[in-house]
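Fold and contact review
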Amino acid sequence: MRTARETLSQIAQRLADVTETPQFEAELLLCHVTGWNRARLIARLDDPVDTSVLEPLVARREQAEPIAYILGTWEFYGLELAVEAPLLVPRPETEHLVEIGLTHLPKAGARALDLCTGTGCVALALGHESGAETLWATDINPVAIRVATENFRRHDLPVHVGQGDLFAALPTAVEPFHVILSNPPYVEAGTWEGLAPDIRNYEDPGALLSGDDGLDCLRQIITQAPMRLVHGGLLALEMGETQGATVCALLEARGFVDVAITKDLAGLDRIAHGIWDASSTSSVL
Ligand code: GLN
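Description of the structure in this document. Keep in mind that this is a model prediction, so the values were computed, not measured. (Residues numbered from 1 in each chain as written. Predicted model: local features only at pLDDT ≥ 70, side-chain atom pairs only at ≥ 80, totals over all residues. Heavy atoms only, no water.)

Structural notes on the packing of helix α6 (residues 95–103) against helix α7 (residues 121–130)
In contact at an axis separation of 9 Å, α6 and α7 are set at 40 degrees when each is read in the N-to-C sense. In terms of their interaxial angle, α6 and α7 are classed as oblique. Judged by the sense of rotation from one axis to the other, the crossing of α6 with α7 is right-handed. For the pair α6 and α7, the contacting residues are Leu97, Val98, Gly101 and Leu102 in the first and Val122, Ala125, Leu126, Glu129 and Ser130 in the second. (Axes fitted to C-alpha atoms, helices over the stretch in contact; angles between N-to-C directions. Helix = DSSP H or I, 4+ residues; strand = E, 2+ residues; numbered from the N terminus. Parallel < 35°, antiparallel > 145°, perpendicular 65-115°, else oblique. Left-handed = near helix turned anticlockwise from the far one by under 90°. Contact = heavy atoms within 4.5 Å.)

Here's the deal with the site of the ligand
Every residue close to the ligand is listed here: Leu88, Arg91, Glu93, Asn183, Pro184, Pro185, Tyr186, Val187, Ile199, Ala207 and Leu208. Between the ligand and the protein, one listed contact pairs a nitrogen atom with a backbone N or O atom of Pro184 at 2.8 Å. The side chain of Tyr186 places a nitrogen or oxygen atom 2.9 Å from a nitrogen atom of the ligand. Protein coverage of the free-state accessible area of the ligand, which is 290 Å², stands at 89%. Given that more than half its atoms are within 2 Å of the pocket grid, the ligand belongs to the largest pocket. Classifying every residue of the shell around the ligand by side-chain character gives eight nonpolar, one polar and two charged. (Near = heavy atom within 4 Å. Polar contact = N/O pair within 3.5 Å; in protein donor to acceptor, adjacent residues only side chain to side chain. Areas by Shrake-Rupley, 256 points an atom, 1.4 Å probe, with all protein chains shown as cover. 1 Å grid on protein atoms, 1.4 Å probe; cavity = no way out; pocket = protein on both sides within 12 Å on 5 of 7 lines; lining within 4 Å. Sits in = over half its atoms within 2 Å of the grid points. Nonpolar A, V, L, I, M, F, W, Y, C, P; charged D, E, K, R; others polar.)

Encoded structure:
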């Protein structure tokens, strides 16, 4: 049997072509099969490990399957979530949506909605950090509904879940929200082939693609959101890095004010947000 140290270095070599973080992923895989945490792994680098259970997992990652699918869990906003194919693996840039939502929730009686919730990551983090009174999470995909429900239960967070297309997933009687957040599909059809194989070959195209310009879903959300927001409520939307000017123009044309962009940690335009002004004479897009 090989030692943990030798095993790590061998896995990292095999993964060098599929990921920018081969050493980190080798550690994740080894911790996953041994049940060790990272501190324990470092203390036991000279221990022998049984590599037979690791082999099929490394082989899957060599085929560019997302590491989160192989592990079955992933971390978002410091919370561990169940993740399974083909749901979008929660990405660090989506954490900005939560940060923006948190700044806008009233202290008492807050109502918030996460549209296109996928694994439930945004609703979960928002609820976990804020104690919002009423949380809704919706998605069109039944797998998302099942996994998000499991994640809310895992963290003991009461979230109402609705399946359906955008706002159609909500019962009509739901009170208007103070905050609506969404990471909808926004990838342009023409850029599909250029996406990394981890994304293109594994994640649900329905959670990524949204028409020729990638804006179909964002347009629908911006058109419909005012019907579901209180006056002064926040709409914050994740988008592609080239879509900022267009999404801001759509928000302003619909009657949102204080429209602004938040960049992600890579310095790219990532979230567009605005405040619903019910007195505006907006055009329907
Ligand atoms: N940022 C994601 C990607 O690159 C896209 C996520 C989305 O469409 N919501 O793949």
